[in-house]
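Okay, here's what each chain looks like letter by letter:
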Amino acid sequence: MEQPFIIHAGVSLGANTVVEEYCIIGSPPRGHKAGELATVIGAGAHVRSHTVIYAGNRIGSNFQTGNKVNIRELNTIGDDVSVGTLSVIEHHVEIGHRVRIHSQVFIPEYSILEEACWIGPNVVLTNAKFPMSPDAKKNLRGPVIRRRAKVGANVTILPGVVIGEDALVGAGSVVSRDVPAGAVVVGNPARVIKNISELPYERM
């Protein structure tokens, strides 16, 4: 019986990995043939229906996706990472262990999401300060989300912005400059209103 998904050459799936119907794993990016770039997904992964994972990704154990996730090539993704339905992760992205990315999130090239950060639904990270300018592609800079930072729903983060460790970005904010570690920011443009220590969070 024909499998209801496509696993290209060069893909290594860890033990107890589940791949649902209509997924494509190891799809070669433009300029490459199937199998040229190794794709590794660790043990215990659950890749849900209609997800596409391009070749050259290195993904840790206990990875899971929602439906219709798109992950481009040459990313490094840690253990215990979850990517929600309809989210898009572009290429050359670094994602640490225990990162939670909710539904319909956009993560552009050259972004860094450090360990245990939390990205709410419909968050948009950007990486082109001057879109369509002559050297735009040469100057792409993705945001950096430091460890344990939390980014609320519908937030937009501009290119190269650093969200500090343990910081919290309130829902709907537009973040145009760096956020200090432990700060709580809200608004457009986002501004500091208090410290995370004033909220009911425990350091993990």
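Above this note sits the structure.
Structure report, in brief. Keep in mind that what you see is a predicted model, and the values were worked out from it rather than measured.

Criteria and cut-off values
- Residues numbered from 1 in each chain as written.
- Predicted model: local features only at pLDDT ≥ 70, side-chain atom pairs only at ≥ 80, totals over all residues.
- Heavy atoms only, no water.
- Helix = DSSP H or I, 4+ residues; strand = E, 2+ residues; numbered from the N terminus.
- Rg over C-alpha atoms; globule rule 2.2 N^0.38 Å.
- Buried < 20%, exposed > 50% of the residue type's maximum accessible area, 1.4 Å probe, protein only.
- Contact = heavy atoms within 4.5 Å.
- Lys, Arg positive; Asp, Glu negative; His and termini not counted.
- Charge placed at Lys NZ, Arg CZ, Asp CG, Glu CD.
- Salt bridge = Lys/Arg side-chain N within 4 Å of Asp/Glu carboxyl O.
- Core = buried A, V, L, I, M, F, W, Y, C linked by side-chain atoms within 4.5 Å.

### Quick word on the overall build of the chain
Each helix and strand in the chain was counted, giving zero helices and 27 strands. Compactness check: the chain gives a C-alpha radius of gyration of 17 Å against a globular reference of 17 Å for 204 residues, within 12% of the reference. In the chain, buried positions account for 45% of the 204 residues. Within the chain, contacts between residues separated by at least 24 positions form 25% of all contacts whose residues are at least 6 apart in sequence. Across the chain, the 20 positively charged side chains and the 18 negatively charged ones have centroids separated by 6 Å.

### Quick look at the pattern of salt bridges
It is possible for side chains of opposite charge to pair when their charged atoms get near one another. Counting across every chain of the model gives eight salt bridges. For Arg146, the salt bridge is made with Glu114, and the minimal N-O distance between the two is 2.6 Å. Taken together, the residues span a long stretch of sequence, with Arg146 in the loop between strand E20 (144–145) and strand E21 (150–151) and Glu114 in the loop between strand E17 (112–113) and strand E18 (118–119) at a distance of 32 residues. A salt bridge links Asp166 to Arg148; the shortest N-O distance between them is 2.7 Å. Of this pair, Asp166 sits in the loop between strand E23 (162–163) and strand E24 (168–169) while Arg148 sits in the loop between E20 and E21, placing them 18 residues apart in sequence.

### Let's talk about the nonpolar core
Among the nonpolar cores identified, the biggest contains 41 residues, and Leu113, Ile145 and Ile163 are the most heavily contacted of them. In this structure, Ile163 is in contact with Val144, Ile145, Arg146, Ala149, Ile157, Val169, Val175 and Val179, ignoring residues within four places of it in sequence.

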